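Chain residues, written in single-letter form:
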Amino acid sequence: MTPETYMRRYHGPDQVFEGESCPLTAEEVFPVSTAEERTCGCTLPDNDTDDCCCKGSMAEALQLLCGETIGALVDFDAFFFLTDALALGSPLSVPGTDTDNIGTPAASLRRFAPCNCDLLDVAGTAYFAIPNQGNVALEAVDQLSLCAVKAVAFQLAPAAEGEDTETVYRRAVRAIRRAIQAEGGSTGACGVCQAHCDCDDCCCASGILTELSTRNLSRTATLTVGPLVLQNVTVLGSIGSVLVLVSEELNRVYLVCANAVEALG
């Protein structure tokens, strides 16, 4: 499928194919292999006025992966996405003593859909988000609504020759923390939601952000997001209303909508 055919099919016959209004062509994928800074090819939305309380913040968080430094440390074929009804990339198990109940993330993140941040181009199998069932909802998913995404998890890239997994983890944590600070996100300050809020109702999440960033010196957290359970993960900070957490044990990063957090352990 050519870029022109793609744009006509998914964005209408009058869609612009070239020029500054649509800088990303249909063949380009998310982890662009170039020495220059990656571009996701979309304009971040202003503070949302609908029910998508996490869309803008999740778009900002995912755009951190477009940078050359962080992007080189991410396995873009080992992603997991959670919505209210679906688990894309891995079925969920019954929570036990493990760090999470995801399994092995196997979805691919390719890019934002051309010219907007409303859709993510992905590849993977969607399961019903019911622990320990593994029933397939859709065998092959090509696009995912960013408005519906409540949490994202992804693996860090395998260690290169002569490098161990612990080194990759430390490099990724350092790069993500720096990116959060550069984006003006929170690494422990209170009240970030009042300064950056995706919609009028999302600031109920400010209590969650404050609690997780100041509750203890170890900065570890146990929480639930619907059927997803994260135990003893490390809180790196937040981008708007999205929490950024990591697990050294699994070499995994989590992006969680604070307003979707239901319980703290």
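Residues numbered from 1 in each chain as written. Predicted model: local features only at pLDDT ≥ 70, side-chain atom pairs only at ≥ 80, totals over all residues. Heavy atoms only, no water.

Within the protein chain, the secondary structure is distributed over six helices and eleven strands. Going through the 265 residues of the protein chain one by one, you find that 49% of them count as buried. For the protein chain, restricting intrachain contacts to residue pairs at least 6 apart in sequence, the fraction spanning at least 24 positions comes to 67%. (Helix = DSSP H or I, 4+ residues; strand = E, 2+ residues; numbered from the N terminus. Buried < 20%, exposed > 50% of the residue type's maximum accessible area, 1.4 Å probe, protein only. Contact = heavy atoms within 4.5 Å.)

Overall, the coordinates contain five salt bridges when judged by the stated rule. Salt-bridge contacts for Lys 150 lead to Asp 84; the nearest nitrogen and oxygen are separated by 3.8 Å. With a gap of 66 residues between them, Lys 150 in the loop between strand S5 (136-145) and strand S6 (151-156) and Asp 84 in the loop between strand S1 (74-82) and strand S2 (86-88) connect regions that are remote in the sequence. (Salt bridge = Lys/Arg side-chain N within 4 Å of Asp/Glu carboxyl O.)

Here we take up the packing of aromatic side chains. For the structure shown, the criterion picks out three aromatic pairs. Between Phe 76 and Phe 79, the aromatic rings sit 6.0 Å apart at their centres with planes inclined by 20°, giving stacked as the arrangement. Ring geometry for Phe 79 and Phe 81: centres 5.8 Å apart, planes at 20°, overall stacked. A relative accessible area of 1% means that Phe 81 is categorised as buried. Through a chain of ring-to-ring contacts, the aromatic side chains of Phe 76, Phe 79, Phe 81 and Phe 154 assemble into a single cluster. (Phe/Tyr/Trp six-rings, centres within 6.5 Å; stacked < 30°, edge-to-face > 60°.)

With that out of the way, let us pick up unusual backbone geometry. Unusually for a residue other than glycine, Asn 232 sits at a positive phi of about 55°. Residue position: Asn 232 is located in strand S8 (residues 228-239). A positive phi angle, close to 55°, is found at Asn 251, a residue other than glycine. Position of Asn 251 relative to the elements: it lies in the loop between strand S9 (242-247) and strand S10 (252-257). Judged by its relative accessible area of 9%, Asn 251 falls in the buried class.

As paired elements, strand S7 (residues 220-225) and S8 share five bridges and run antiparallel to each other. By the bridge assignment, Leu 223 is partnered in S8 with Leu 230. Linking S7 to S8, which pair antiparallel, is a turn of two residues; within it Gly 226 sits at a positive phi near 60°. Two elements, S7 and strand S11 (residues 263-264), share two bridges in a ladder whose sense is antiparallel. Across the sheet, residue Leu 223 finds its bridge partner in S11, namely Leu 264. (Pairing = 2+ DSSP bridges.)

A few words on helix H4 (residues 165-182). End to end, H4 covers 26 Å across 18 residues, agreeing with the expected 26 Å (1.5 Å per residue, within 8%). Those residues of H4 that sit buried are Val 168, Tyr 169, Ala 172, Val 173, Ala 175, Ile 176, Ala 179 and Ile 180. Residues of H4 that are buried in the fold lie against helix H3 (68-71), S6, S8, S9 and S10. (Expected span 1.5 Å × (residues − 1).)

Membership of the largest hydrophobic core comes to 69 residues, with the highest contact counts inside it found for Phe 79 and Phe 81. The element contributing the most residues to this core is H4, with eight residues. (Core = buried A, V, L, I, M, F, W, Y, C linked by side-chain atoms within 4.5 Å.)

The next point concerns helix H2 (residues 55-63). With eight of nine residues buried, H2 is to be regarded as a mostly interior element. For H2, the complete set of buried residues consists of Lys 55, Gly 56, Ser 57, Met 58, Ala 59, Glu 60, Ala 61 and Leu 62. On its buried face, H2 sits against strand S3 (108-112), strand S4 (119-128), S6, S8, S9 and S10.

A separate point is the environment of Leu 73. Here Leu 73 is to be found in the loop between H3 and S1. Once the C-alpha coordinates of Leu 73 and Ala 159 are considered, the two residues, 86 residues apart in sequence, prove to be 8.8 Å apart. If we ignore the near neighbours within four places in the chain, the residues touching Leu 73 are Leu 156, Ala 157, Val 168, Arg 171 and Ala 172.

Bringing the pairing of S3 into the picture now. On a regular strand, one side chain projects to one face of the sheet and the next to the other, so that they alternate. In terms of burial, S3 is a largely internal element, four of the five residues being buried. Pairing of S3 with S4, which is carried by four bridges, proceeds in the antiparallel orientation. Opposite Leu 109, over in S4, you have Val 122 as the bridge partner.

Attention now moves to the side chain of Thr 222. The residue Thr 222 is located in strand S7 in this model. A distance of 3.0 Å separates a polar side-chain atom of Thr 222 from the backbone nitrogen of Asn 232. Filtering out sequence-adjacent residues up to four positions away, Thr 222 remains in contact with Leu 230, Gln 231, Asn 232, Ala 263, Leu 264 and Gly 265. (Polar contact = N/O pair within 3.5 Å; in protein donor to acceptor, adjacent residues only side chain to side chain.)

Per-residue confidence for the protein chain gives a mean pLDDT of 79, with 69% of residues at or over 70. Below pLDDT 50 for its whole length, residues 187-203 participates in 44 contacts with residues either more than four positions away or in separate chains. (pLDDT = per-residue confidence, 0-100.)

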